[in-house]
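Structural overview for review
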Amino acid sequence: MKLADYYANHDIRRRMVEYLGGETPGEAGAVFIGRCGTPDCESFSIRPPEQLYACLDEGMEVGRSLWDRRSMILHLDIEYVNFDFPAEAFLDPDRMFALQRPVEQTIRDILGAYGIAPLHLISGRGHHFVWSVDRGSETFALLANLGRIPRHVLARYRQPHPPFQEPVDEPTALAFSGLGLMMEYLAYRIKERAAAASRLPVELTAVEAGPVERGREIISIDISEYGDPLYTRIIRVPFSVYRKARQESVAGERWVAERISELYVVPLAGRDMTSILTTMRDPARSADLAAGVSAKIPDFSDQTRRLAGDYAQSDVRTFHEFFYSQEHQPPQAWPYTYDKTPLAMLPACARQILEHPNDLLLKPSGIQLVTRCFLALGWHPRHIAGLIRSRYERDFGWAWRWYFYDATLRADFYTRIFSGLFMTGRDDLIDFNCVSMREKGVCRDTAGACGIDDFRDSLLERRANGRLAGRPFNRLLLPAEHI
């Protein structure tokens with residue numbers, strides 16, 4: 001079956017419209033649709049939902065906005081990542097999905113305990129769990145109350161956004177922020193429970209790890225969409241074609257591309273994984289599946305309120321309150337504050353990231369390293385985020401990036417994750433050493449130790465003795481006599 005015939009199938013189109021949240025594309029709850037798998041915002045191709053059929057006629061890899069007119073869409077994504085050979089996921093899918101099983105089962109168990117049974121989608125590298133919270137529900141109001149957004153970011157939300165040149169209202173922006181904090185708490189719990197049963201490192205976002213069985217490979221709990229504004233993010237639509245497999249095989253040899261078939265995003269719908277892996281590689285079988293399964297995003301507003309309530313009473317929420325107890329230094333003060341940071345005191349690997357931030361400071365492993373080093377020096381995590389933001393908002397050749405995304409949200413998100421894991425006792429720094437830095441590809445100096453072990457020991461000592469973030473800001477920028 002050719003893609004044009006597949007996309008013309010009535011059941012395929014019906015399921016996609018169902019996922020957009022309406023009886024017809026024009027009645028969809030999704031604010032926009034767009035092209036998945038694009039390398040930059042210039043090819044993001046934001047369009048009104050009523051253009052869905054035209055997009056299908058063009059053979060587009062379709063996604064829908066997280067931004068919705070009637071609901072808050074909750075999306076949890078886990079995927080296999082191989083930093084040395086990305087095509088590995090598509091060449092051995094049985095192994096790849098078997099490696100994810102401990103994390104998948106943990107998600108099912110945790111969400112099931114709340115009575116949440118999300119729509120479960122399978123794509124080329126992993127699982128997507130999707131459900132919704134009604135805008136008129138108590139849960140939506142609770143999430144909005146939990147949200148934290150700086151004023152200048154709220155101002156960006158109030159600007160007109162495509163495709164209809166409309167703003168995101170403040171309650172929705174705050175609810176998305178609160179949702180991100182709650183999903184962070186959920187991801188901590190998943191990582192904590194699943195890591196012991198996993199053969200691969202379980203990481204929040206795509207943090208590089210050392211080599212395991214087939215190179216540097218991890219299972220990523222990818223919550224990175226909550227580090228960007230709501231109006232910039234899309235999620236894959238079920239029964240859309242999935243082209244990332246071909247894109248990630250380009251760097252490989254011809255035989256790799258020849259062995260990778262076209263894929264389709266499909267609901268698991270109670271099928272066993274062997275069956276669904278066959279279905280997602282066959283357009284005719286995928287079309288048959290569409291005839292008998294629903295792709296409607298289920299509403300679990302009441303059940304999610306319990307999850308949000310647990311987050312509100314958790315140590316993660318306590319850490320978040322501590323994180324937001326400080327503010328970034330304002331941009332006009334950066335020449336006298338963040339720019340005065342004495343980088344010479346840092347290990348060479350961390351210093352290199354701050355001196356050459358594009359693209360080292362975009363990588364989660366780079367942000368993780370910088371965060372750990374400055375925590376060891378007594379910095380408050382919000383000022384670490386402020387320092388990172390100050391690099392993002394300077395001319396290091398970022399091009400379009402910070403016009404589309406937001407430097408403050410991105411810096412806060414990653415710094416908050418990595419400092420929170422440590423400060424709540426969930427990260428014991430087992431990979432914060434010279435050997436691990438070399439294995440991750442972060443350190444390129446093979447000459448010997450660079451002092452990073454002293455930073456690790458200092459950081460563990462600070463946590464043990466309650467001295468984290470203990471230096472006032474007016475002393476942070478002075479060279480420390482002792483790490």
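For the structure, see preceding data.
Note that the structure is a prediction, hence the values are computed from the model and not measured. Residues take numbers from 1 onward in each chain, read along the sequence in its written order. Selection of residues for local features in this predicted model requires a pLDDT of at least 70, selection of side-chain atom pairs for listing and counting requires 80 or more, and totals for whole chains, interfaces and linings are taken over all residues. Processing note: side-chain calculations cover all non-hydrogen atoms of the structure and skip hydrogens and water entirely.

Throughout, an axis means a line fitted to C-alpha atoms (over the contacting stretch in the case of helices), and angles, computed between N-to-C directions, take values from 0 to 180 degrees. Secondary structure follows DSSP: runs of H or I at least 4 residues long count as helices, runs of E at least 2 residues long count as strands, and numbering of each begins at the N terminus. Their axes nearest at 9 Å, the elements helix α5 (residues 93-113) and helix α8 (residues 170-194) cross at an angle of 125 degrees. When the interaxial angle is binned, α5 and α8 end up oblique. For the pair α5 and α8, the crossing hand works out as right-handed. Contacts between α5 and α8 involve Pro102, Val103, Thr106, Ile107, Asp109, Ile110 and Leu111 from the first element and Leu186, Arg189, Ile190, Arg193 and Ala194 from the second. Residue polarity is assigned by list, with Asp, Glu, Lys and Arg as charged and Ala, Val, Leu, Ile, Met, Phe, Trp, Tyr, Cys and Pro as nonpolar; anything else, Gly included, falls into the polar class. Split by residue class, the contact of α5 with α8 holds eight nonpolar, one polar and three charged. Angle categories are assigned with fixed cut-offs, so that under 35 degrees is roughly parallel, over 145 is roughly antiparallel, 65 to 115 is roughly perpendicular, and the rest are oblique. A clockwise turn of the near helix away from the far one marks a right-handed crossing, whereas an anticlockwise turn of less than a right angle marks a left-handed crossing. Residues count as neighbours in contact if any of their non-hydrogen atoms are within 4.5 Å of one another.

So, about the layout of surface pockets. Both cavities and pockets are sets of points on a 1 Å grid over the protein atoms alone; in a cavity a 1.4 Å probe fits but cannot get out, in a pocket the set is open with protein on both sides within 12 Å along at least five of seven lines, and lining residues sit with an atom within 4 Å of a point. Grid points are joined across faces, edges and corners, and a volume is the space filled by probe spheres set on the points. The space that makes up the second largest pocket amounts to roughly 540 Å³. Along the walls of the second largest pocket sit 25 residues, with Lys191, Val202, Glu203, Ile430 and Asp431 positioned nearest its centre. Broken down by secondary-structure element, the contributors of at least two residues to the lining of the second largest pocket are α8, β6 (202-204), α17 (364-376), α20 (407-423) and α21 (434-440). Counting residues per element, the lining of the second largest pocket draws most heavily on α8, at three residues. Residue composition of the lining of the second largest pocket, grouped by class: eleven nonpolar, four polar and ten charged.

If you look at soluble globular proteins, the nonpolar side chains tend to sit buried side by side. Among buried residues, those of type Ala, Val, Leu, Ile, Met, Phe, Trp, Tyr and Cys that are joined through side-chain atoms within 4.5 Å constitute a nonpolar core. Only protein chains enter the area calculation, which uses a 1.4 Å probe; residues under 20% of their type maximum are buried, those over 50% are exposed, and those in between are partly exposed. By size, the foremost hydrophobic cluster in this structure holds 162 residues, and its most contacted members are Ile221, Leu369 and Tyr392. The element best represented in this core is α8, accounting for 14 residues.

Bringing the environment of serine 419 into the picture now. Mapped onto the secondary structure, serine 419 falls in helix α20. Judged by its relative accessible area of 0%, serine 419 is buried. Residues serine 419 and phenylalanine 323 lie 96 residues apart in sequence; the distance between their C-alpha atoms is 9.1 Å. A polar atom in the side chain of serine 419 sits 3.5 Å from the backbone oxygen of arginine 416. In protein, a polar contact means a hydrogen-donor-capable atom and an acceptor-capable atom, both N or O and within 3.5 Å, with residues adjacent in sequence counting only if both atoms are side-chain atoms; elsewhere, any N or O pair within 3.5 Å suffices.

Strands belonging to one sheet form pairs held by backbone hydrogen bonds; the direction of such a pair is parallel or antiparallel. Pairs of strands are assigned from DSSP output, requiring at least two bridges between the strands. Spatial strand order, β1-β2-β8: three strands in an open sheet with antiparallel pairing. Edge positions in the sheet fall to β1 (33-35) and β8 (234-236), since each of these pairs with one other strand and no more. Ignoring strand direction, the axes of neighbouring strands in this sheet form an average angle of 40 degrees. Bridge count for β1 against strand β2 (residues 62-65) is three bridges, and the pairing is antiparallel. Within β2, the position partnered with arginine 35 by the bridge is valine 62.

Fair warning: the whole summary comes from geometry, so function is off the table for now.
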